[in-house]
Amino acid sequence: MLAALALLCVVFASQSEFFLSERNFTTILRNSVDLAVICAGMTIVIILGGIDVSVGGIVAVSAVLIGRAYQLGMPDWVVVPVGLAAGALLGALNGAIISKSRVPPIVATLGTMYIYIAVLFLVIGGVWISGLPNTLSFLVLGDAFGVPSGVFVIGAVYVFSWLLLRWTPWGQRVVAIGCDEVAARLNGIRVDRTKIQAYALLGVFAGIAAILYVARLRNVEVNIGTNIALEAIAATILGGANIRGGVGSLIGTLMGVVFIKMTQNGLVLIGVSSLWETVVIGALLIIVLILDSLETRRTS
Amino acid sequence: MKDPLTQRLLFLCGLLVAAFIAGSLLSSHFLQASTVGYLLQYVPVLGVLGMAQTLVMLSGGPGIDLSIGATMSLVGLAIAGLFGLGVPLLVACLIGLVIGGVLGAVNAFLVCVMRVPSLMGTLATFFAYSGLALALTGGSPIGGIPEWFGVLSQGRFLGVPIHMWVVFVPLAVGLHVMLSMTRFGAHIYAAGNDERAAFLSGVNVWRLRFTLYCLSGVIAALAAIMTLSWFQAARPDAGEGMELLSVTIAVLGGAHIFGGIGRISGTVLAVLIVTTLQVALQLANISQAWQLAAIGILLIGSVMADNAVGDKLRARARRAAS
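It should be emphasised that the depicted structure is a prediction, and the values quoted were computed from it without experimental measurement.

### Observations concerning the overall build of chain B
- Tallying secondary structure elements over chain B gives 13 helices and two strands in all.
- Over its C-alpha atoms chain B spans a radius of gyration of 20 Å, differing by no more than 12% from the 20 Å that the globule rule assigns to 322 residues.
- With the C-alpha coordinates aligned to their principal axes, the bounding extent of chain B is approximately 70 × 55 × 35 Å.
- Per-residue burial for chain B yields a buried fraction of 53% across its 322 residues.
- Contacts in chain B between residues far apart in sequence, at least 24 positions, make up 79% of those at least 6 positions apart.

Structure representation (structure tokens):
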């Protein structure tokens, strides 16, 4: 993955001298913050053996609630918890449906995606929410000690997730469920509860992403969050997580995010229409999946 | 004890009646003869996609084709593009069917040869195909399809749209016969029920699934042709959202997401239910948002109901055994 990133840098740098500039890297970073935060949660859910295609919907609902709260003149210390709570609630709902009624995660979250998008439309009414205050913009656009603040946000989320996953009993339970759910259940792990918690955590991260999104752009679009789920899943898989569960790496995921965002940025810089983005990401994903399966076949 | 699939079909019939009642309560325009024609206009495209999804799911694996809508968009553009280059339209349609098969074969290669989980593999091709459809056209539709071609989707015979007669009904009957009366169909169920047992009894499980993914691509091309005839233009986002809708329809129709269980008749009923709801909400001038929410609730609810019924049957069987 590192090699692929380096190769990508070389290719884009040779085509555009602007690519390697400090300013451009800051831009890439700023554009990746929301996706990176979501991907930390997605990695945990995929390690658990699940998947969530409704994260885009959660981001959308959280963002629109944040926007409405701001419009009602509420201060930051009310707005932020509202966004996080909305995310946690919707995430927990996903988890509850998946664990209590045994609907497969892809189907359940597909269904909730429809529902969340419906909620978005009903709240937003087809018009952008714009002109929101910039009191939180420092989280994405500011910098501290000469380092862009996005680094700290991503760092905090990833260190937290890593500690949670590798150094707590909860993290071990997640991996155990991802490896073999039945065995985990027989070993006395409360599978349902852990699942709900994991999906809720992803929801909280989606809530954070919504806050960052609003802080960065200061508006809420009608089509917010449409591509986030697919990008997040792609980044996580590119980063080496196994879609069958049990295996995944947060660092790898982070590299996957950088890879996707760098590709998007680089393509624009070398003058390729942004419409080709999805084609390139899709093609990359296909290549990685093939390489992956060749690798598995050789080792087994 | 009744066969659970028959129960499912009865449940779906009940749901369809409920949808009709809901429709007539929602809108005074709903209970008219013209509504039926209007409704049937929407059925074939969604219906054939739902059937393709059902087939892919039936063979197990677990199988799913998330690229089905993107394939449909891309094939539509290819046909319109070829026609623009001077290829006769009917020939272009034939080429389109082949392209659909090839796009399906890419999925098949990823899933059945490379053994990438179907969800991931077809998600990747979904990206690639829908991206290509947008990138190649710059986002604008390709028009210029001649009037006469519209007869397929806009013409009527006995008040029923022609594409119902020549595409939807024959395909549904054909697939039903294939699943219930041929060896190939029996193999599909065997592969979906117990991959290992099917393999040990001589079914080439992965070749079978390969065929079904290709078939799904060809059926998506059929949907593209019908859409082309309907709108007289190929839009790069023609199949957007169809992947989710087709999964919804297949699951609602009783196809089990892990394979082995399901019938084409269930899928047909499910597509009727979904379109009835959509048309009713449209006629009642209720916002699109509610249509989305209704589909979402229907999807989750139908799987939940399915599980609950399964549990009850299993419990009853256990009680009978003890």
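### Quick look at the nonpolar core
- Counting residues in hydrophobic clusters, the biggest one holds 216 residues, and the most contacted among them are Val37, Ile38, Val59, Phe205 and Leu285 of chain A together with Ile79 of chain B.
- Considering every element that reaches this core, the biggest residue donor is helix H10 (residues 191-217) of chain A, with 17 residues.
- Sequence-distant contacts of Phe205 of chain A, defined by excluding residues within four places in its chain, comprise Val37, Ile38, Ala40, Gly41 and Val157 of chain A.

### Some thoughts on the environment of Val11 of chain A
Residue and element names in this part refer to chain A.
- Within the secondary structure, Val11 is located in helix H1 (residues 2-15).
- By the C-beta count within 10 Å, which is 14 here, Val11 ends up partly exposed.
- Between the C-alpha atoms of Val11 and Ala40, which are 29 residues apart in sequence, the distance is 28 Å.

### Here we look at the confidence of the model for chain B
- When pLDDT is averaged along chain B, the result is 84; 95% of the residues meet or exceed 70.
- Per the prediction output, this complex has pTM 0.82; the corresponding ipTM is 0.76.

### Thoughts on the interface of chain A and chain B
- Across the contact, 36 residues belong to chain A and 38 residues belong to chain B.
- Those elements giving two or more residues to the side of chain A that touches chain B turn out to be helix H4 (76-101), helix H5 (105-124), helix H11 (228-238) and helix H13 (277-299) of chain A.
- For the side of chain A that touches chain B, the element with the most residues is H5 of chain A, which contributes twelve residues.

### Describing the packing of helix H3 (residues 55-71) of chain A against H4 of chain A
Residues and elements named next belong to chain A.
- Packing of H3 against H4 leaves a shortest axis separation of 9 Å and a crossing angle of 155 degrees. One finds that H3 runs roughly antiparallel with respect to H4. H4 is crossed by H3, and the crossing has right-handed handedness. Residues Ile58, Val61, Ser62, Leu65, Ile66, Ala69 and Tyr70 of H3 form the contact with H4, whose own contacting residues are Val78, Val79, Val82, Gly83, Ala86, Gly87, Leu90 and Gly91.
- Along the lines of polarity and charge, the residues of the contact of H3 with H4 split into eleven nonpolar, four polar and no charged.

### Looking at the UniProt feature "transmembrane region" (unreviewed entry) in chain A
All names here are of chain A.
- Following the UniProt record, one finds the feature "transmembrane region" (unreviewed entry) at residues 35-66, 78-98, 113-132, 144-165, 196-215, 227-260 and 266-291.
- What you have in residues 35-66 is 78% helix and 0% strand, and the ends, taken at the C-alpha atoms, are 18 Å apart.
- Helix makes up 73% of residues 266-291 and strand 0%, and the two end C-alpha atoms of the span are 24 Å apart.

### Quick notes on the packing of helix H3 (residues 68-84) of chain B against helix H10 (residues 205-231) of chain B
All names here are of chain B.
- Closest axis-to-axis distance for the H3/H10 pair is 8 Å, and the angle between their directions is 55 degrees. Taken together, the axes of H3 and H10 lie oblique to each other. Crossing hand, H3 versus H10: right-handed. Note on element contacts: H10 touches H3 through Ser216, Gly217, Ala220, Ala221, Ala223, Ala224, Ile225, Thr227 and Leu228, opposite Ile68, Thr71, Met72, Val75, Gly76, Ile79 and Ala80.
- Taken together, the residues of the contact of H3 with H10 break down into eleven nonpolar, five polar and no charged.

### Remarks on the environment of Ala6 of chain A
Residue and element names in this part refer to chain A.
- For Ala6, the location among the structural elements is in helix H1.
- By C-beta crowding, Ala6 is classed as exposed, having 10 other C-beta atoms within 10 Å.
- Remark: the alpha-carbon pair of Ala6 and Ala283, spanning 277 residues in sequence, is separated by 18 Å.

The rules behind the values
- Residues numbered from 1 in each chain as written.
- Chains lettered and ligands numbered in written order.
- Predicted model: local features only at pLDDT ≥ 70, side-chain atom pairs only at ≥ 80, totals over all residues.
- Helix = DSSP H or I, 4+ residues; strand = E, 2+ residues; numbered from the N terminus.
- Rg over C-alpha atoms; globule rule 2.2 N^0.38 Å.
- Buried ≥ 20, exposed ≤ 12 C-beta atoms within 10 Å, placed from the backbone.
- Contact = placed C-beta atoms within 7 Å.
- Core = buried A, V, L, I, M, F, W, Y, C linked by C-beta atoms within 7 Å.
- pLDDT = per-residue confidence, 0-100.
- Axes fitted to C-alpha atoms, helices over the stretch in contact; angles between N-to-C directions.
- Parallel < 35°, antiparallel > 145°, perpendicular 65-115°, else oblique.
- Left-handed = near helix turned anticlockwise from the far one by under 90°.
- Nonpolar A, V, L, I, M, F, W, Y, C, P; charged D, E, K, R; others polar.
- UniProt positions renumbered as here; feature names shortened; annotations may be inferred.

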